[in-house]
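Descriptive analysis of the structure
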Amino acid sequence: MTADRTAWEQQAWEQQAWEQHSVARVVSPVRPRKLAKVPFVEMADGRLQGVVSSGSDISRVYVSSVTAGTHTYNCSTNNNRPCGGLYGDMCKHLRSLVDEAVLQYGQDRVAGYLRVELAEGERLSYHLNGGVERTQGAEVFSRFLRHLAYLELPMTTEPIAELHWFPSTGAVG
């Protein structure tokens, strides 16, 4: 503590510093996107991953992912049935996922995350040819469902039980 700060001012300063460093940054979309086709997209766990709606069955969704670095990919229904269009090349669900991620985060950020070097004007999905690697999509689908649950909550300024570890005001404790 410096000589010119009181104990209360020091505590308030430390609290403010903690709050500035403890909040997850929300990144605004680069361009608006329609959520009907790809309602959920994230860059997490070393993969670009998300949930993509089926083009033929309104009640079916696919969990699609592309691994950073190796560019291997997978697409299956939420109950782990392989995508019928996933043979020898990326299916339409994976291409939709990549396109929507570019809208959400910007091409440079997505390419950097996936470790792809692009020339000006090149399309990112053309560089993702690592082949099929079967992965389980349960975690991604579970996170998608959790996000949907937040949309159903009524608006409130009160703390949400699941997020209780974010202090709203006052000291941490």
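Summary of the structure given here.

Thresholds applied
- Residues numbered from 1 in each chain as written.
- Predicted model: local features only at pLDDT ≥ 70, side-chain atom pairs only at ≥ 80, totals over all residues.
- Heavy atoms only, no water.
- Buried < 20%, exposed > 50% of the residue type's maximum accessible area, 1.4 Å probe, protein only.
- Helix = DSSP H or I, 4+ residues; strand = E, 2+ residues; numbered from the N terminus.
- Arc of directions from axis to C-beta.
- Contact = heavy atoms within 4.5 Å.
- Pairing = 2+ DSSP bridges.
- Axes fitted to C-alpha atoms, helices over the stretch in contact; angles between N-to-C directions.
- Expected span 1.5 Å × (residues − 1).
- Phe/Tyr/Trp six-rings, centres within 6.5 Å; stacked < 30°, edge-to-face > 60°.
- Lys NZ or Arg CZ within 6 Å of the ring centre and 35° of its normal.

For the rest of this paragraph, the subject is helix α3 (residues 107-114). Restricting attention to buried positions, one finds in α3 the residues Val-110, Ala-111 and Leu-114. Considered in projection along α3, the buried side chains sweep an arc of 100 degrees and stay on one side of the axis. If you follow the buried residues of α3, they end up packed against β1 (40-44), β2 (47-53), β3 (61-67) and α2 (92-105). In the segment just after α3, Arg-115 is the residue with positive phi, at about 60 degrees.

Further remarks concern the sheet that holds β1. What the four strands build is an open sheet, ordered β1-β2-β3-β4; its pairing is antiparallel. Two strands lie at the open edges of the sheet, namely β1 and β4 (73-77), each paired on one side alone. Strand-to-strand, the axes of this sheet are offset by a mean angle of 15 degrees, without reference to chain direction. One ladder, built from five bridges, connects β1 with β2; its direction is antiparallel. Within the sheet, the bridge partner assigned to Val-41 lies in β2 and is Gly-50. Along the sheet, α2 contacts β1, β2, β3 and β4; its crossing angle with β2, the most-contacted strand, is approximately 110 degrees. Of the strands in this sheet, β1, β2 and β3 touch helix α4 (residues 138-152), which is tilted by about 125 degrees from β1.

The next subject is α2. For α2, which comprises 14 residues, the first-to-last C-alpha distance of 20 Å matches the rise-based estimate of 20 Å (1.5 Å per residue) to within 8%. Here α2 lies mainly inside the structure; eleven of its 14 residues are buried. For α2, the full list of buried residues reads His-93, Leu-94, Ser-96, Leu-97, Val-98, Glu-100, Ala-101, Val-102, Leu-103, Gln-104 and Tyr-105.

We describe a pair of aromatic rings using the distance from one ring centre to the other and the angle between the two ring planes. Scanning the model with the defined rule gives two aromatic pairs in all. Note on Phe-40 and Phe-144: the rings are 5.9 Å apart at their centroids and 45 degrees apart in plane angle, and the pair reads as tilted. Taken together, the residues span a long stretch of sequence, with Phe-40 in strand β1 and Phe-144 in helix α4 at a distance of 104 residues. Residues Phe-141 and Phe-144 carry aromatic rings whose centres are separated by 5.9 Å and whose planes lie at 45 degrees to one another, so their mutual orientation is tilted. Here the residue Phe-141 and the residue Phe-144 both occupy positions in helix α4, the gap between them amounting to three residues, near one helical turn. Taken as a pair, Phe-141 and Phe-144 share a single burial class, namely buried. Here the guanidinium or amino end of Arg-123 rests over the ring plane of Tyr-126, the centre of that ring lying 5.6 Å away.

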